[in-house]
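Coordinates in review
The lines below spell out each chain.
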Amino acid sequence: MFILLFAVAPLVHAQDAKLDRGKYLVENVGLCGDCHTPMLPTGQPDGSHVLRGAALGFQPIHPIPKWNAAAPDITPQGALWKKWGEIGLLKFLQTAQDPHGHPADPPMPAYKFNVQDAEAILVYLKALR
Ligand code: HEC
């Protein structure tokens, strides 16, 4: 029992650190919620629908080809996880290309996270249930 605890504790700690890193990247670097989380009428993000997909609250002054007026649900409940799987999402976060090698439409930024950060974001998204 004692030995088992010592063996497992660092793994649990590593996973917690990944979750924290992913949350930090989503909330403070990628600002994913600005587009993917719906707004309440007060203008605050809807905390009960974090990253569940939203109609954008802004549009370009001049027409931009392929502009998307909505951002999809990027939680594990969304269609994207089923369609792409974790491998596809991991690749997208590192290359800004979908499993067919296509970039996302604007205004989705073309993030190219390193593998550790892409994994951390996935761990955080997975925890959004
Ligand atoms: C400026 C607004 C904006 C921000 C910020 C943003 N997104 Fe998006 N995102 C979009 C829009 C709009 C789409 C729809 C584009 C499309 O379907 O091609 C999208 C699509 C996606 C897709 C699906 C891409 C596809 O080709 O279908 C994923 C995955 C995604 N976003 C993840 C994220 C993550 C993770 C973050 C933060 C690290 C983030 N987004 C930040 C607006 C945004």
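Everything quoted here is computed from the prediction, not taken from an experiment.

1. Examining helix 4 (residues 115-126)
With twelve residues, helix 4 should reach 16 Å at 1.5 Å per residue; the first-to-last C-alpha distance of 16 Å fits that figure. Of all the residues in helix 4, the buried ones are Asp117, Ala118, Ala120, Ile121, Leu122, Val123, Tyr124 and Leu125. A side-chain oxygen of the first residue of helix 4 lies 3.2 Å from the backbone nitrogen of Gln116; this N-cap is Asn114.

2. What about the coordination of the iron atom of the ligand?
In the first shell of the iron atom of the ligand, the protein supplies His36 (NE2) and Met108 (SD), at 2.0 to 2.1 Å from the metal. Relative to the metal, the six donor atoms surrounding the iron atom of the ligand lie at angles of 88 to 179°, and the coordination shape comes out octahedral. Pair noted here: His36 is in helix 2 (residues 33-36) and Met108 is in the loop between helix 3 (79-95) and helix 4, with a separation of 72 residues, a long-range link. In this structure His36 comes out as buried when scored by relative accessible area, which is 9%.

Cut-offs applied
- Residues numbered from 1 in each chain as written.
- Predicted model: local features only at pLDDT ≥ 70, side-chain atom pairs only at ≥ 80, totals over all residues.
- Heavy atoms only, no water.
- Helix = DSSP H or I, 4+ residues; strand = E, 2+ residues; numbered from the N terminus.
- Expected span 1.5 Å × (residues − 1).
- Buried < 20%, exposed > 50% of the residue type's maximum accessible area, 1.4 Å probe, protein only.
- Polar contact = N/O pair within 3.5 Å; in protein donor to acceptor, adjacent residues only side chain to side chain.
- Donors = N, O, S within 2.8 Å, 3.2 Å for Na, K, Ca; no water.
- Tetrahedral: all angles 85-135°; square planar, octahedral: opposite > 155°, others 65-115°.

Any functional reading would require information that these geometric values do not contain.
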